[in-house]
Amino acid sequence: MRILEISNLTAGYWRLPVIEDICIDVNDGTVVALLGPNGSGKSTVLKSIMGFTKIFKGSIVYNGVVITGASTTKLARMGIGYVPQINNVFRSLTVKENLEVGAYTRKNDLNIDEILEVFPEIKTLLNNKADSLSGGERQLLAIARALVSNPKLLLLDEPTASLSPKNTVIVLSKIREIKSRGIPVLIAEQNVLKTLEISDKAYVLVSGRCITSGPSEEILKNEDLGRLYLGLKR
Ligand code: ADP
Ligand code: MG
């Protein structure tokens, strides 16, 4: 089943469109990657889903409901979890408090212990301030926070940006685990190779346009694409 369908989306900020004619499908049970160089429009796609941009054209349908331009609160209540690239935890709160705030935004009986099974790395840090965590731990907390609200779709904006290679692998491995728990993920990333390994399907954006899309394994095999647009040298 299709959980998200973005059709011919043109969107941007104020008067200026920065992404044009974007079409993206996310099916249940899949991880979909949004790849492309810096400034290509990945974040703008995610922000458009969350209602943070000006939409000039196109539509966004979530679970059969048109959500184009819907409020962030409504989208959260409908089950869309969003982890922005920066400022995605409350730094002055403890890890536990951050998770509790996450759970509060959507009334449910999901327990934090269950989420912590997926994130043993932060389980021992529950009473530490988020501010004191390492970059990797903080990203894990941000993702865990989004999960305690029991989302039906998770949007992640460059969760590995500025992380060490080791932490990048840890964070990306969680995405597989999230998928195995039945939550589809749309992830914007610049770590092309590692993301293609954990995703089912990928879209490649260049200058606000989708230049290609397909099964991740096929994108991985396309050497020209990798060399020209994704900074891959092989
Ligand atoms: P990416 O996430 O792929 O790095 P972005 O979606 O952040 O790309 O940015 C796409 C384009 O939109 C860039 O040219 C960027 O300068 C522009 N842009 C991003 N945010 C804003 C904003 N708040 N106001 C105006 N332009 C923006
Ligand atoms: Mg971005």
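Residues numbered from 1 in each chain as written. Chains lettered and ligands numbered in written order. Predicted model: local features only at pLDDT ≥ 70, side-chain atom pairs only at ≥ 80, totals over all residues. Heavy atoms only, no water.

Enquirer: Just give me the short version of the overall build of the protein chain, but keep the residues and values in it.
Expert: Along the backbone of the protein chain there are 10 helices and 10 strands. The C-alpha atoms of the protein chain give a radius of gyration of 17 Å, which matches the 17 Å a tight globule of 234 residues would have. For the protein chain, the proportion of its 234 residues judged to be buried stands at 47%. Put simply, of all contacts in the protein chain between residues at least 6 apart along the chain, 68% involve residues at least 24 apart. In the structure as shown, the protein chain presents an accessible area of about 11,100 Å², 50% of it carried by carbon and sulfur atoms. Averaging the positions of the 29 positive and the 24 negative side-chain charges in the protein chain gives two centres separated by 5 Å. (Helix = DSSP H or I, 4+ residues; strand = E, 2+ residues; numbered from the N terminus. Rg over C-alpha atoms; globule rule 2.2 N^0.38 Å. Buried < 20%, exposed > 50% of the residue type's maximum accessible area, 1.4 Å probe, protein only. Contact = heavy atoms within 4.5 Å. Areas by Shrake-Rupley, 256 points an atom, 1.4 Å probe, with all protein chains shown as cover. Lys, Arg positive; Asp, Glu negative; His and termini not counted. Charge placed at Lys NZ, Arg CZ, Asp CG, Glu CD.)

Enquirer: With reference to specific residues and values, describe the nonpolar core.
Expert: In this structure, F119, I122 and L154 are the most contacted members of the largest nonpolar core, which totals 41 residues. Take this core: its biggest share by element is eight residues, from helix α6 (residues 135-148). If we ignore the near neighbours within four places in the chain, the residues touching I122 are V95, L116, E137, L140, L141 and A144. (Core = buried A, V, L, I, M, F, W, Y, C linked by side-chain atoms within 4.5 Å.)

Enquirer: Hey, could you go over the packing of aromatic side chains for me, with residue numbers and the actual values?
Expert: In the structure shown here, the tally under the stated rule is one aromatic pair. With a centroid separation of 6.0 Å and 50° between ring planes, the pair formed by F52 and Y82 is classed as tilted. Of this pair, F52 sits in the loop between α1 (42-49) and β4 (54-62) while Y82 sits in strand β6 (residues 80-83), and the two are 30 residues apart along the sequence. Among the residues examined, F52 registers a relative accessible area of 43% and is labelled partly exposed. The class of Y82 is buried, set by a relative accessible area of 19%. Above the ring of F56, the side-chain terminus of K54 is found at 5.1 Å from the ring centroid. (Phe/Tyr/Trp six-rings, centres within 6.5 Å; stacked < 30°, edge-to-face > 60°. Lys NZ or Arg CZ within 6 Å of the ring centre and 35° of its normal.)

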